[in-house]
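# Inside the fold
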Amino acid sequence: MNPLVLSILISSLGLGTTITFIGSHWLLIWMGLEINTMAIIPLMIQQQHPRAVEATTKYFLTQATASALLLFAGTTNAWMTGQWDVTEMMNPVSATLITIALALKIGLAPMHFWLPEVLQGLNLITGLILSTWQKLAPFAILFQLNHLLNPHLLTLFGILSIILGGWGGLNQTQLRKILAYSSIAHLGWMIVILHYAPNLTLLNLTLYIFMTTSMFLLFNTFNTTKINSIASSTTKSPLLTIITLTTLLSMSGLPPLTGFMPKWLILQELTKQNLTIPATIMALATLLSLFFYLRLCYTTTLTLSPNPINHTSSWRTKLKQPNLILTLTTSISILLLPLTPSMLTLMS
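Residues numbered from 1 in each chain as written. Predicted model: local features only at pLDDT ≥ 70, side-chain atom pairs only at ≥ 80, totals over all residues. Heavy atoms only, no water.

An unreviewed UniProt entry lists the protein chain under the name NADH-ubiquinone oxidoreductase chain 2, with Rhinobatos schlegelii as the source organism. The Catalytic activity (unreviewed entry) comment attached to the protein chain in UniProt states, word for word, "a ubiquinone + NADH + 5 H(+)(in) = a ubiquinol + NAD(+) + 4 H(+)(out)". Listed in UniProt under the heading Sequence similarities (unreviewed entry), the comment for the protein chain reads: "Belongs to the complex I subunit 2 family." (UniProt positions renumbered as here; feature names shortened; annotations may be inferred.)

Encoded structure:
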């Protein structure tokens, strides 16, 4: 892609998210979301491949539906209350419609069906943008509305996302689909606690972005998109293989890694709110996600690629791309648990 066009698209992505961040008027927020959507579509379709075209079409239709529903909810609220301000969401019907629209935008269950299919049709770097940056603008709206949204609906969406995100990833062989279902499960944890402790949602979102960035960059470094081709990664770079193992275990939420921190704090907060049954269901449903993370760990580190392999082997050469971002994200994804008290102080 032309560097000038690429810089314009990246700037538009930043502009759309920034407009949504600073906006308090529903039309301004809607405009920011639309700029965000339109900016990523050329990045998605740049491969000129049928799968990329299909993924782009699905993404556009889904986001257009969510944007239309969001605009309808904002208009309905303005008609009922006479206010276009985002914090004046006094109409319960509009609040419910906005929750559904934003759930569709970020890929929460049961509106999650588009996310694995879209992510499967993209390259790893564009999939990284879709899985991380594109979640910021909808979450900015959710943070502003957290005290006005129905907590029971948010809890239902969250628990469904954790269960279906773990269930859907069990039999997958494509790494991008596994990361998509992992994203759905992580979003469920964020949404459940949003009404009760928005600071924990922000903490979880931040750590999710770092861990997901690490995984996409690692798979991009190995140049692999399938679970059977990642078995040869040990021979390419033993150190990166160990980093991949620890990052996967961190994403699954095992101590003493960073990923354990948000799950621990969220379950603690839910227990304080006397929501022990949802907390128990969430903790048990996480075992589904743990299974496919451990499956990936086993394939990556404990299996050797057989001699008659069906894919092209790559030489173990020096990496061409800079490793600074990968080093930073993997360090945060693995080593942050001892800093939990400091993180809580910063988030409070």
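## A word on the overall build of the protein chain
Scanning the protein chain from terminus to terminus reveals 16 helices and 0 strands. Relative to a compact globule of 348 residues, whose C-alpha radius of gyration would be 20 Å, the protein chain shows 20 Å and is just as compact. Looking at the protein chain as a whole, 53% of its 348 residues qualify as buried. Once local pairs closer than 6 in sequence are excluded, the contacts in the protein chain between residues at least 24 apart make up 78%. Across the protein chain, the 14 positively charged side chains and the 6 negatively charged ones have centroids separated by 23 Å. (Helix = DSSP H or I, 4+ residues; strand = E, 2+ residues; numbered from the N terminus. Rg over C-alpha atoms; globule rule 2.2 N^0.38 Å. Buried < 20%, exposed > 50% of the residue type's maximum accessible area, 1.4 Å probe, protein only. Contact = heavy atoms within 4.5 Å. Lys, Arg positive; Asp, Glu negative; His and termini not counted. Charge placed at Lys NZ, Arg CZ, Asp CG, Glu CD.)

## Observations regarding the packing of helix 13 (residues 260-272) against helix 16 (residues 340-347)
Following both chains from N to C, one finds helix 13 and helix 16 inclined at 65 degrees, their axes separated by 11 Å at the closest point. Both helix 13 and helix 16 take part in a crossing whose hand is right-handed. In this structure, helix 13 contributes Met 261, Trp 264 and Leu 265 to the contact, and helix 16 contributes Thr 340, Met 343 and Leu 344. Its residues assigned to classes, the contact of helix 13 with helix 16 comprises 5 nonpolar, 1 polar and no charged. (Axes fitted to C-alpha atoms, helices over the stretch in contact; angles between N-to-C directions. Left-handed = near helix turned anticlockwise from the far one by under 90°. Nonpolar A, V, L, I, M, F, W, Y, C, P; charged D, E, K, R; others polar.)

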